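Chain and residue survey
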Amino acid sequence: MILVTGATGTIGRPLVDLLTGANAKVRAVTRTTGPTSLPATAEVVTGDPAQPGTLARHLDGVTALFLHPRAAGDAAAELVALAKEHGVRRVVALSAINIDEPLDHQPSRFRGDRNKEAEDAAVAGGLEWTSLRASSFAVNALTSWGGQITAGDVVRGPYAGFAETPIHEHDIAAVAAHALLTDDLVNRRTYLTGPQALTHTDMVEIIGEAIGRPLTYTEIPPEAAAQGLIARGLPEPFVTALMARYARDLARPTRPTGDVEKILRRPAHTFAAWAEEHASEFGG
């Protein structure tokens, strides 16, 4: 039995599909009661991973835990300890490729992700462990630029030449499933990236190709970009950390690691493939 936290999220949802598709027994955690889109073959349970006591009864009979850093928050270590008490033998933690950077330079922390805490809890918890250090999710392009692309053909933002290796969320889920179902990744940190380093300009042009419109990325000053993000309701600490990350890493872009290909023994999904799958959400 595998307990999946964050089961309805960007990674958890495809992970549940992959596990049930492999005939694994899955207990999928949601915070609220009511209908879900989770497969009927998964056992859906209610609880809050950030309050581990609410999951105690659901840990009975569980052998492996998928630990989501946003779902567990600051309670990751407590949840892993409780899992161990209940006989869980393995924990696979979703983390991030930048967790060794200063905490105030990790934008996702200001959105609730506790990537370092999740990895630390897994490594120190006394169980078999795997850490999935993932690069930037491809889906971030939708949240960052979706509104502008729907409205027109120009995306305005900072640091046009900033490059990273966006990873398809299904590749992260596939590696997580592999870590939960096999012994190949026990006691390992994996460094999961997409197959290409792409600039902001590259990604916007690729989205344009997917939706059949000639999109362009127009660089604006970081200060103006930050003001616009804050005006959209994003927390100022998040925006400050994001701009600091762009400025710091402009001259040292993340490069593909090849771990996805090595682990799954198939090519990682390209950003172009992701863009084609999501074309309708960009107005394509």
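Summarised in this report is the structure supplied together with it.

Our next topic: the packing of aromatic side chains. Scanning the model with the defined rule gives 5 aromatic pairs in all. Ring centres 6.0 Å apart and planes at 70 degrees place the aromatic pair Trp-145 and Tyr-217 in the edge-to-face group. Within this pair, whereas Trp-145 is found in helix 5 (residues 140-151), its partner Tyr-217 is found in strand 11 (residues 216-219), the two being separated by 72 residues in sequence. Summarising the burial analysis for this pair, Trp-145 and Tyr-217 share the class buried. Counting every residue linked through ring pairs, the aromatic cluster contains Tyr-159, Phe-162 and Tyr-246. Lying across the ring of Phe-238, Arg-111 places its NZ or CZ 5.1 Å from the centre.

Looking now at the packing of helix 5 against helix 7 (residues 200-211). Relative to each other, helix 5 and helix 7 sit at 60 degrees, their axes nearing to 12 Å. In terms of orientation, helix 5 and helix 7 fall into the oblique class. Here helix 5 and helix 7 pass one another in a crossing that is right-handed. Facing helix 5, whose interface residues are Ala-141, Trp-145 and Ile-149, helix 7 presents His-200, Met-203, Val-204, Ile-207 and Ile-211. Class assignment of the residues belonging to the contact of helix 5 with helix 7 gives a composition of 7 nonpolar, 1 polar and no charged.

Attention now goes to unusual backbone geometry. Phi is mostly negative for residues that are not glycine, and the peptide bonds are mostly trans. Its identity is not glycine, yet Tyr-159 carries a phi of approximately 50 degrees, on the positive side. With respect to the element layout, Tyr-159 can be found in the loop between strand 7 (154-157) and strand 8 (163-164). Residue classification places Tyr-159 among the buried residues on the basis of a relative accessible area of 17%. With a phi close to 60 degrees, Asn-187 is a non-glycine residue in the positive phi region. Looking at the secondary structure, you find Asn-187 in the loop between helix 6 (169-181) and strand 9 (188-192). Residue classification places Asn-187 among the partly exposed positions, given a relative accessible area of 44%.

In terms of nonpolar packing, the biggest core is built from 31 residues, with Val-4, Leu-15, Val-16, Leu-19, Phe-66, Leu-132 and Leu-180 touching the most fellow members. Contributing elements (two or more residues each) for this core: strand 1 (2-4), helix 1 (12-21), strand 2 (26-30), strand 4 (64-67), strand 5 (90-96), strand 6 (128-134), helix 6 and helix 10 (259-264). With 7 residues, the single largest contributor to this core is helix 6.

Glancing now at the side chain of Asn-98. With respect to the helices, strands and loops of the structure, Asn-98 is situated in the loop between strand 5 and helix 4 (115-124). Sequence-distant contacts of Asn-98, that is, excluding residues within four places in its chain, are made with Gln-106 and Pro-107.

Here we take up the sheet that holds strand 3 (residues 43-46). Picture the strands of a sheet paired through backbone hydrogen bonds; they go either parallel or antiparallel. Reading across from one edge, 3-2-1-4-5-6-9 is the order of the 7 strands in this open sheet, with parallel pairing throughout. This sheet does not close on itself; its edge strands, each paired only once, are strand 3 and strand 9. Shown here is a sheet whose adjacent strand axes are inclined to one another by a mean of 20 degrees, direction ignored. As defined by bridge partners, strand 1 adjoins strand 2 across 3 bridges and the pair is classed as parallel. Residue pairing for strand 2: Val-4 is matched across the bridge by Ala-28. Together, strand 4, strand 5, strand 6 and strand 9 form the strand contacts of helix 4, whose direction differs from that of strand 5 by roughly 155 degrees.

Attention now goes to helix 3 (residues 76-85). Those residues of helix 3 lying buried are Ala-76, Leu-79, Val-80, Leu-82 and Ala-83. Here the buried residues of helix 3 occupy an arc of 160 degrees about the axis, which is enough to place them on one side. When the buried face of helix 3 is taken as reference, the exposed residues oriented beyond 90 degrees from it are Ala-77, Glu-78 and Glu-85. Tucked inside the fold, the buried residues of helix 3 contact strand 4, helix 2 (69-72), strand 5 and helix 4. At the C-terminal side of helix 3, Gly-87 shows a positive phi close to 90 degrees.

Moving on to the environment of Thr-257. Note that Thr-257 resides in the loop between helix 9 (236-249) and helix 10. In this structure Thr-257 comes out as partly exposed when scored by relative accessible area, which is 28%. Once residues within four sequence positions are removed from consideration, Thr-257 is found in contact with Tyr-191, Leu-192, Thr-193 and Lys-262.

About the criteria used
Residues numbered from 1 in each chain as written. Predicted model: local features only at pLDDT ≥ 70, side-chain atom pairs only at ≥ 80, totals over all residues. Heavy atoms only, no water. Phe/Tyr/Trp six-rings, centres within 6.5 Å; stacked < 30°, edge-to-face > 60°. Helix = DSSP H or I, 4+ residues; strand = E, 2+ residues; numbered from the N terminus. Buried < 20%, exposed > 50% of the residue type's maximum accessible area, 1.4 Å probe, protein only. Lys NZ or Arg CZ within 6 Å of the ring centre and 35° of its normal. Axes fitted to C-alpha atoms, helices over the stretch in contact; angles between N-to-C directions. Parallel < 35°, antiparallel > 145°, perpendicular 65-115°, else oblique. Left-handed = near helix turned anticlockwise from the far one by under 90°. Contact = heavy atoms within 4.5 Å. Nonpolar A, V, L, I, M, F, W, Y, C, P; charged D, E, K, R; others polar. Core = buried A, V, L, I, M, F, W, Y, C linked by side-chain atoms within 4.5 Å. Pairing = 2+ DSSP bridges. Arc of directions from axis to C-beta.

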